[in-house]
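# Descriptive analysis of the structure
Chain by chain, the residues:
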Amino acid sequence: MSAVQPSQKPREEEKRRIFADLTPLRTSADYRRLWFGNTVSWVGQGMTALAISLQVYDITGSAFSVGLVGLCSLVPLVVFGLYGGAIADTVDRRALGLVGATGSAVLSAGLAAAAFASFHRVWFLYAIVALQAVCNALNSPARSAMIPRLIPPEQLRAANALNSMVMTFGTLVGPSLGGVIVGFAGYQTAYTIDAVAFSASLYAMWRLPSMPPERGGTEGGSSAQGKPGGRERASVLDGLRFLGTRPNLRATFVSDLFAMILAQPKALFPAVAALWFGGDARTTGLLVAAPAFGALLGGVVSGWQGRIRHHGQAILIAVAAWGLAIAAFGLSRNLWIGLLCLAAAGFADTSSMIFRNTMMQVAAPDEMRGRLQGVFIVVVAGGPRLGDFVAGSVADLTSPVVAITGGGLLCVLAVGVFALYARGFRRYDALDPTP
């Protein structure tokens, strides 16, 4: 007799259509451990990121010096992102993940040791941030390329929704928790907690089976029949050439760049907080948190996405929705309406990210997944920074309204024109994935 009564099944199915599908967590112990380890480590990383920014400001008293923290992280992440993906397509991904997680844990321990020893040097903090970015650039492609090997293809969308919740939860909770811990117990405590938190990620990686890349896969999906080829050289250029000949995979990056470059208002939040809403730093904090809250909500109520087959079409709609929400934010002068618009943008962004990641994992052969994830890291890391530059430049030449609302509408227009060109992307069918 089934453990679930017939009367319970409709309720469970209805819940699954609304809330995130937890099937990957229930059916795969390896994925469950990896997900939990990533959750803990993301919170720890968020704590450390804020603690380093606060410590740099305490040492220098300079906002410019704090801004350099982001640059120290961005450059290695972009430079090593592509190579991290190539390495992930060459060696055992479990081993690479262990190396990356171990390096991050050692760096956090180094921060804690320096804080306990009262070694307060800005150059040291910058160096640690850069090395952390290198470890992340090595670890992230390997971790993402592992997921299709841990769960069946039909569960990948649900797994990506769960992964989006991990990142957003860490972004929201980590900095807040870090501020509290630094305030009450000092930098050394925050860094120590982060170092310990990485043990969860290390344990999850250690329990995984060996996962060298599979060779000889088909063009349109994972190489289920491929053979391990861990010692074969994986070229970054080969990965880029592969992407250049796969229009649907390439379209996932292009459509995302529309949102990140044309409609990225984050750099203007301090200005609009004061000019439009008469607020201060706390208002800016609310503006920054609103998209993250919407993104977290998008992951929590992602069950409906399981009924969507045309992922390319869903991505285009989500990016257009982001642009419309940003354009509406640019016209708002009520803080709560503005926060609602930003939350809606974050919700749309998560929907787009879930479908994009699923397409990359399903429509690409296993031996290319690491390199595609490396390209994804570069796009995600570099796109918003370029968007900040565009928004700031347009706002200086015109006004924040033109930069934000005009950028949002331009994003929608770009998506519409691209949709006319990328007909194959619009017709992409999850049941018949074509890269």
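Let me sum up the structure you'll find in this document.

## A look at the pattern of salt bridges
- Scanning the model with the defined rule gives two salt bridges in all.
- Of the charged contacts, one joins aspartate 30 and arginine 33 as a salt bridge, the two residues approaching to 2.7 Å between their closest N and O atoms. Within this pair, aspartate 30 and its partner arginine 33 are both found in helix α3 (residues 29-60), separated by three residues, close to a single helical turn.
- One salt bridge in this structure joins arginine 356 and aspartate 256, with 3.4 Å as the shortest N-O distance. You can see arginine 356 sitting in helix α14 (residues 335-363) and its partner aspartate 256 sitting in helix α10 (residues 247-262), a full 100 residues away along the chain.

## Brief notes about the packing of α10 against helix α15 (residues 366-397)
- At their nearest, the axes of α10 and α15 sit 8 Å apart, and the two run at 20° to each other. In terms of orientation, α10 and α15 fall into the roughly parallel class. Considering how the two elements wind past one another, α10 and α15 form a crossing that is right-handed. When α10 is examined against α15, the residues Leu249, Phe253, Asp256, Leu257, Met260 and Ile261 are found in contact with a partner set consisting of Leu372, Val375, Phe376, Val379, Val380, Gly383, Pro384, Leu386, Gly387 and Val390.
- Of the residues assigned to the contact of α10 with α15, the class counts are 13 nonpolar, two polar and one charged.

## Quick look at the packing of aromatic side chains
- Applying the stated criterion across every chain, the model contains ten aromatic pairs.
- Pairing phenylalanine 119 with tryptophan 123 gives two aromatic rings, centres 6.1 Å apart and planes at 85°, and the pair type is edge-to-face.
- Among the residues examined, phenylalanine 119 registers a relative accessible area of 33% and is labelled partly exposed.
- In this structure an aromatic cluster arises from ring pairing among Phe269, Trp276, Phe277 and Phe329.

## A word on the packing of helix α6 (residues 122-150) against α15
- Interhelical geometry of α6 versus α15 gives an angle of 135° and a closest axis separation of 9 Å. Put simply, α6 runs oblique to α15. Judged by the twist between their axes, the crossing of α6 over α15 is right-handed. In this structure, α6 contributes Ala137, Ser140, Pro141, Ser144, Ala145, Pro148 and Arg149 to the contact, and α15 contributes Asp366, Arg369, Gly370, Gln373, Gly374 and Ile377.
- Here the residues of the contact of α6 with α15 are counted per class, giving five nonpolar, five polar and three charged.

Cut-offs applied
- Residues numbered from 1 in each chain as written.
- Predicted model: local features only at pLDDT ≥ 70, side-chain atom pairs only at ≥ 80, totals over all residues.
- Heavy atoms only, no water.
- Salt bridge = Lys/Arg side-chain N within 4 Å of Asp/Glu carboxyl O.
- Helix = DSSP H or I, 4+ residues; strand = E, 2+ residues; numbered from the N terminus.
- Axes fitted to C-alpha atoms, helices over the stretch in contact; angles between N-to-C directions.
- Parallel < 35°, antiparallel > 145°, perpendicular 65-115°, else oblique.
- Left-handed = near helix turned anticlockwise from the far one by under 90°.
- Contact = heavy atoms within 4.5 Å.
- Nonpolar A, V, L, I, M, F, W, Y, C, P; charged D, E, K, R; others polar.
- Phe/Tyr/Trp six-rings, centres within 6.5 Å; stacked < 30°, edge-to-face > 60°.
- Buried < 20%, exposed > 50% of the residue type's maximum accessible area, 1.4 Å probe, protein only.

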